[in-house]
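Commentary on secondary and tertiary structure
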Amino acid sequence: MTALKLIISESQIQEGVGRLAQQIRADYQDQPLLVVGVLHGSFVFLSDLIRRMDLPIQVDFVRVSSYGELAQSSGKVRLHHGIRTSVVGKNVLVVDDIVDTGLTAQFLRGYFEGRRASTVRICSLLDKPARRRTAVTVDYTGFEVPDQFLVGYGLDYNQQYRELRALYSLEAGTDGS
Ligand code: PRP
């Protein structure tokens, strides 16, 4: 048995998303932006964020994996689906739900810089610094979170819970299972 414990409420998330959207709008000042979502975890956050940024944007997605079906990072990032849009000379904003070890963010920064983007910035709703394995710059962060397994608002456990409006930690039941 597992239980869900509320960590960040729906209204707190929406406040955080609004704050990030404002910062991004202030920094880019009407410059066009290519927003790249990292599937699958980012899709809920990305759809809320882009509707509040009020900037001329394009949207594309990449799919990478660093966890597979495991709760522990394998330490490797695999690109399963790359970008379809040309990034040459563009401002790229990578949008992810969480930066954990930092390996995904670091990999994607290199990926877009290698494709000659003009600028590459990373925006993550959540940051879990306790798990960092590489010193990657995260340009925009909504919330710093403790080292707990989180679900909801796009984050999953075995593909479940992504639809929840708030963020929860997944706790083992009292019987230890
Ligand atoms: C998660 C999350 C980030 C990445 C962060 O994705 O969405 O993309 O891991 O971890 P890192 O900082 O240790 O690299 P996951 O591989 O769980 O896939 P999902 O988004 O499809 O759930």
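Quick look at the site of the ligand now. The full set close to the ligand counts 18 residues, and Asp96, Asp97, Asp100, Thr101 and Thr104 are the nearest of them. Within the backbone of Asp100, an N or O atom sits 2.8 Å from an oxygen atom of the ligand. Coverage of the ligand by the protein amounts to 91% of the 500 Å² it exposes when considered alone. Every element with two or more residues in the shell around the ligand is listed here: strand S2 (33-39), strand S5 (91-99) and helix H3 (103-114). Tallying contributions element by element places S5 first for the shell around the ligand, with four residues.

So, on to the packing of helix H1 (residues 10-28) against helix H2 (residues 43-53). Closest axis-to-axis distance for the H1/H2 pair is 9 Å, and the angle between their directions is 50°. One way to sum up the angle between H1 and H2 is to call them oblique. The hand of the H1/H2 crossing is right-handed. Of H2, the residues touching H1 (which contributes Gln14, Val17, Gly18, Leu20, Ala21, Ile24 and Arg25) are Phe45, Asp48, Leu49, Arg52 and Met53. Here the residues of the contact of H1 with H2 sort into seven nonpolar, two polar and three charged.

Further remarks concern the pairing of strand S6 (residues 119-127). Here S6 lies mainly inside the structure; seven of its nine residues are buried. As paired strands, S5 and S6 are joined by eight bridges and run parallel to one another. The residue bridging Leu93 from the neighbouring strand is Arg121, located in S6. Assessed by its sense of winding, the connection that carries the chain from S5 through H3 to S6 is right-handed. As paired elements, S6 and strand S7 (residues 140-144) share four bridges and run parallel to each other. Paired with Ser124 across the bridge in S7 is Thr141.

Cut-offs and rules
- Residues numbered from 1 in each chain as written.
- Predicted model: local features only at pLDDT ≥ 70, side-chain atom pairs only at ≥ 80, totals over all residues.
- Heavy atoms only, no water.
- Near = heavy atom within 4 Å.
- Polar contact = N/O pair within 3.5 Å; in protein donor to acceptor, adjacent residues only side chain to side chain.
- Areas by Shrake-Rupley, 256 points an atom, 1.4 Å probe, with all protein chains shown as cover.
- Helix = DSSP H or I, 4+ residues; strand = E, 2+ residues; numbered from the N terminus.
- Axes fitted to C-alpha atoms, helices over the stretch in contact; angles between N-to-C directions.
- Parallel < 35°, antiparallel > 145°, perpendicular 65-115°, else oblique.
- Left-handed = near helix turned anticlockwise from the far one by under 90°.
- Contact = heavy atoms within 4.5 Å.
- Nonpolar A, V, L, I, M, F, W, Y, C, P; charged D, E, K, R; others polar.
- Buried < 20%, exposed > 50% of the residue type's maximum accessible area, 1.4 Å probe, protein only.
- Pairing = 2+ DSSP bridges.
- Right-handed = clockwise from strand over helix to strand, strands pointing away.

Note that every value here comes from positions in space, so none of it alone points to a role or purpose.
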